[in-house]
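Reading the structure
Now for the letters of each chain:
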Amino acid sequence: MNDSQGQIFIIDDTPANLHLLVSILKENGYLPRAFPSGKLALGVIEQSSPSLILLDIQMPQMDGYEVCKHLKANELTWDIPVIFISALDEMMDKLKAFTVGGVDYITKPFQAEEVLARISTHLELSRLQKLLKQENSVQAQKLAEQNCQLQQMNEALEKANQELKEQYSQLQQAQLQVIQSEKMSALGNLVAGVAHEINNPVGFIYGNLDQAGQALQDLIEHLKLYGDRATETDINNHAAEIELDYLLEDVPKMIDSMKVGCDRIKSISTSLRTFSRADRDFPVKANLHEGIDSTILILKHRLKASEFRPEIEVITNYEDIPEIKCFLGQLNQVFMNILANGIEAIEESNHGRTFADIKANPNRITIETELSSDRESVLIRFSDNGIGMTEEVKQKIFDYLFTTKSVGKGTGLGMAIARQIIVEKHQGTITVNSTPGEGTEFILELPILKN
């Protein structure tokens, strides 16, 4: 038993799954604890602080998504890695799992080797993150001490002090660039992983093909009876046996169903490739509308209606704008940050409102594009009717590490990176207009590069 690996909690309402996972983990030197419900586990996790949690989604009283939200909202448990392990295999189910804070997703029925490999990987990642956090704390303390010493220096060291501040600013910018690259890489990997889930509807189509093949075989055998000059009685008996009328009605429906599945796969694949496209070292011409539409698709699960509110409407008013030279992958990251913030602002504004009230005054996000009056740049406006911002928040919204979110829910990097992408990478501008209680508007202006 390797004590350094700590405890692994398994939360699943199916006893057979609990027993199997406990056996696998014990045989491989882990310390598993099994819980048949999320509520029961939450009462123990804060005191026990497990190293990792295997979490089912479909459970009574409280599903896996709610359990994960509770964990990520608690300062004592938000950094515990959560691996979802569920029979749900739809793309949106997996996107939701990652959105609420999961670090990985395993589809049932699972293979023991896969479960063990992913547990090992995320335990190691968690260990390295904790080491990095400790090192950052030490470095922050050292930096604070150095700043204190610098403040005590006399005027003879003022020039050296100024040079040190400039170096610190450069280091901060370098950190932003590294974080930006890492976040894009992680997001690209996530979207690429989602793209692989297209195999699921392919499996459904394959299943329909089996049925269609059997139906076609029955029809061929029935036609052979006519070629063999079978008696009318034999033909009628065979028609009844294969349910001929039903087959003639069902086969076209199966074909139409498979065509719809193929169209859905093509649409998802195209949108995901557009969103996660890798930028080159130089800007290339791209269609901004495609980037915006692919971002909306990625966030579609957050826009859907719930038991608490109707669907958040997204209205797009696109003018005829030209393709522009840009780093579209990075611009998609900006679109993602702005739209995600808009959704969160809308959800916050819904607190205390009834479903009927929200339906009468719908939640709405509007996206507009147009050419500037001098036709030298493209304007993109994102507006929402969410909670809005105070003047103080507006002044700090693009500051490095500034966030209004609670611990564990925001890094304070999103809008700082967005500003860097728009201003430094594209020589454009990003401005914000907002009134508390009325909503927020972000305006992006991107120059149209001639060469």
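Here is a short report on the structure shown in this document. The structure displayed is predicted, hence computed values, not measured ones.

**Digging into the overall build of the protein chain**
In terms of helices and strands, the protein chain carries 15 helices and 12 strands. Relative to its 451 residues, the protein chain shows a buried fraction of 40%. In the protein chain, 68% of the contacts between residues at least 6 apart in sequence involve partners at least 24 apart. On the protein chain, roughly 25,700 Å² of surface is accessible, and the fraction owed to carbon and sulfur atoms is 51%.

**Some points on the pairing of strand β10 (residues 377-384)**
By the criterion of burial, β10 is predominantly enclosed, with six of the eight residues buried. The hairpin formed by strand β9 (residues 364-371) and β10 contains five residues between the paired strands, and Arg 375 there has a positive phi angle of roughly 60°.

**Quick notes on the nonpolar core**
Membership of the largest hydrophobic core comes to 41 residues, with the highest contact counts inside it found for Leu 288, Leu 331, Ile 380 and Leu 444. Those residues in contact with Leu 288 that lie beyond four places of it in its chain are Ile 321, Ile 324, Cys 326, Leu 328, Leu 331, Phe 335, Val 378, Ile 380 and Leu 446. Ile 11, Phe 35, Ile 57 and Val 67 belong to the second largest nonpolar core, which has 20 residues in total.

**Regarding the sheet that holds β10**
Read across the sheet, five strands follow the order β7-β9-β10-β12-β11 without closing on themselves; strand pairing throughout is mixed. Strand pairing shows two members of the sheet lacking a second neighbour, β7 (313-318) and β11 (429-435), which therefore form its edges. With direction set aside, neighbouring strand axes in the sheet form an average angle of 10°. As paired strands, β9 and β10 are joined by seven bridges and run antiparallel to one another. Bridge pairing in β10 places Thr 366 opposite Ser 383. Packed onto the sheet, helix α12 (residues 328-349) meets β9, β10, β11 and β12 (439-447) and runs at close to 25° relative to β10.

**Looking at helix α15 (residues 414-425)**
Its 12 residues give α15 an end-to-end C-alpha distance of 15 Å, which sits within 8% of 16 Å, the value for a rise of 1.5 Å per residue. Buried within α15 we find Gly 414, Met 415, Ala 416, Ile 417, Ala 418, Gln 420, Ile 421 and Ile 422. Immediately beyond the C-terminal end of α15, within one or two residues, lies Gln 427, with a positive phi of roughly 55°.

**Side note on the pattern of salt bridges**
Across all of its chains, the model carries 14 salt bridges by this definition. Its salt-bridge partner being Glu 370, residue Arg 381 comes within 2.2 Å of it at the nearest N-O pair. Taken as a pair, Arg 381 in strand β10 and Glu 370 in strand β9 lie far apart in primary sequence, 11 residues in all. When its relative accessible area of 22% is taken as the criterion, Arg 381 is described as partly exposed. For Arg 381, the salt bridge goes to Glu 441, with nearest N and O atoms at 3.8 Å. With Arg 381 in strand β10 and Glu 441 in strand β12, this pair connects stretches of sequence that are 60 residues apart. Through salt bridges with shared partners, a single ionic network connects Asp 12, Asp 56 and Lys 108.

**Some details on the packing of helix α10 (residues 288-298) against α12**
Axis separation between α10 and α12 bottoms out at 9 Å; the angle between their running directions is 45°. Taken together, α10 and α12 sit at an angle that is classed as oblique. α10 and α12 meet at a crossing whose hand is right-handed. Together, Leu 288, Gly 291, Ile 292, Ser 294, Thr 295, Ile 296 and Ile 298 of α10 and Leu 328, Leu 331, Asn 332, Phe 335, Met 336 and Leu 339 of α12 make up the contact between the two elements.

**Here we look at the environment of Ala 87**
Mapped onto the fold, Ala 87 is located in the loop between β4 (82-86) and α4 (91-99). In the structure, Ala 87 is positioned 29 residues away from Gln 58 in sequence and 8.5 Å away in space, judged by C-alpha atoms.

**What to know about the sheet that holds strand β5 (residues 104-107)**
In any sheet, the strands associate via hydrogen bonds between backbone groups, in a parallel or an antiparallel arrangement. An order of β2-β1-β3-β4-β5 is seen for the five strands of this open sheet, with the pairing classed as parallel. Here the strands that pair on one side only, and so sit at the sheet edges, are β2 (31-35) and β5. Across this sheet, the average inter-strand angle for adjacent strands is 20°, counted without regard to direction. Pairing geometry for β4 and β5, over four bridges, is parallel. Bridge pairing links Ile 85 to Ile 106 in β5. Here helix α3 (residues 64-73) sits on the sheet in contact with β1 (7-11), β3 (52-55) and β4, set at roughly 175° to β4. Here α4 sits on the sheet and contacts β4 and β5; the angle it forms with β5, its principal contact strand, is near 145°.

Each value, and the rule that gives it
- Residues numbered from 1 in each chain as written.
- Predicted model: local features only at pLDDT ≥ 70, side-chain atom pairs only at ≥ 80, totals over all residues.
- Heavy atoms only, no water.
- Helix = DSSP H or I, 4+ residues; strand = E, 2+ residues; numbered from the N terminus.
- Buried < 20%, exposed > 50% of the residue type's maximum accessible area, 1.4 Å probe, protein only.
- Contact = heavy atoms within 4.5 Å.
- Areas by Shrake-Rupley, 256 points an atom, 1.4 Å probe, with all protein chains shown as cover.
- Pairing = 2+ DSSP bridges.
- Core = buried A, V, L, I, M, F, W, Y, C linked by side-chain atoms within 4.5 Å.
- Axes fitted to C-alpha atoms, helices over the stretch in contact; angles between N-to-C directions.
- Expected span 1.5 Å × (residues − 1).
- Salt bridge = Lys/Arg side-chain N within 4 Å of Asp/Glu carboxyl O.
- Parallel < 35°, antiparallel > 145°, perpendicular 65-115°, else oblique.
- Left-handed = near helix turned anticlockwise from the far one by under 90°.

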